[in-house]
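A look at the structure
If you want the building blocks of each chain, they are given just below.
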Amino acid sequence: MFGDEILKVLITEEEIEKRCAELGEQLTKDYASSGNKLLVVALLRGSVPFLAELIKYIKLPLEMDFMDVSSYAGTESVGDVKIVKDLDTSIKGLDILLVEDIVDTGRTLHVVKRMLYGKGAERVRIVTLLDKPERREVEINADYIGFTVPNEFVVGYGLDYNQKYRNLPFIGVLKPEVYE
């Protein structure tokens, strides 16, 4: 179906599952001692497959909420972060684990993290499936990183191009002719 449009598979489904298990184990250790209620906040839509896999391995009570933020048009981050759906939960005094599919320019996470602290979060940590440090424009770092990827246009496992390819069970590099 999408095979002709994928240049190469960068990260397999098995590698993602294994890394999610490792991240879940680390998150369990790190959050077990805090004593605070853990709220996992996923950024829609791209982080949903990663969230679903990751939380299977977090062996602690947790609650979930979702935010929908937008800063992209096609392949480019436009820099203006728009909140489409805000949290339904009060976060005052909570530990927040912000789940993201990819840290790219850093603009979106910078704004969202600042906003969460403004709403009274005790602590905000970021877990991301992918980190693309070559594209960083704003100083922000994820606390937990699944994989560091090169500056290529990646899709799959929640990441999209014009709302397509999210359902691929792996991370692949999209052929340039598809988006140019």
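The shown structure was predicted, so the numbers you read here are calculated from the model rather than taken from an experiment.

1. With respect to the environment of Ser-70
By the element assignment, Ser-70 lies in strand β3 (residues 63-73). On a C-alpha basis, the gap between Ser-70 and Ile-83 in space is 6.6 Å, while along the polypeptide they are 13 residues apart. Setting aside residues up to four positions removed in sequence, Ser-70 forms contacts with Asp-80, Val-81, Lys-82 and Val-84.

2. Some remarks on the packing of aromatic side chains
Enumeration over the complete set of coordinates arrives at three aromatic pairs. Between the aromatic rings of Phe-153 and Tyr-161, the centroid separation amounts to 5.7 Å while the plane-to-plane angle is 90 degrees, which identifies the pairing as edge-to-face. Accessibility classification places Phe-153 together with Tyr-161 in one group, the buried group. One Lys or Arg, Arg-125, reaches over the ring of Tyr-31 and ends 5.1 Å from the middle of that ring.

Scoring rules and cut-offs
- Residues numbered from 1 in each chain as written.
- Predicted model: local features only at pLDDT ≥ 70, side-chain atom pairs only at ≥ 80, totals over all residues.
- Heavy atoms only, no water.
- Helix = DSSP H or I, 4+ residues; strand = E, 2+ residues; numbered from the N terminus.
- Contact = heavy atoms within 4.5 Å.
- Phe/Tyr/Trp six-rings, centres within 6.5 Å; stacked < 30°, edge-to-face > 60°.
- Buried < 20%, exposed > 50% of the residue type's maximum accessible area, 1.4 Å probe, protein only.
- Lys NZ or Arg CZ within 6 Å of the ring centre and 35° of its normal.

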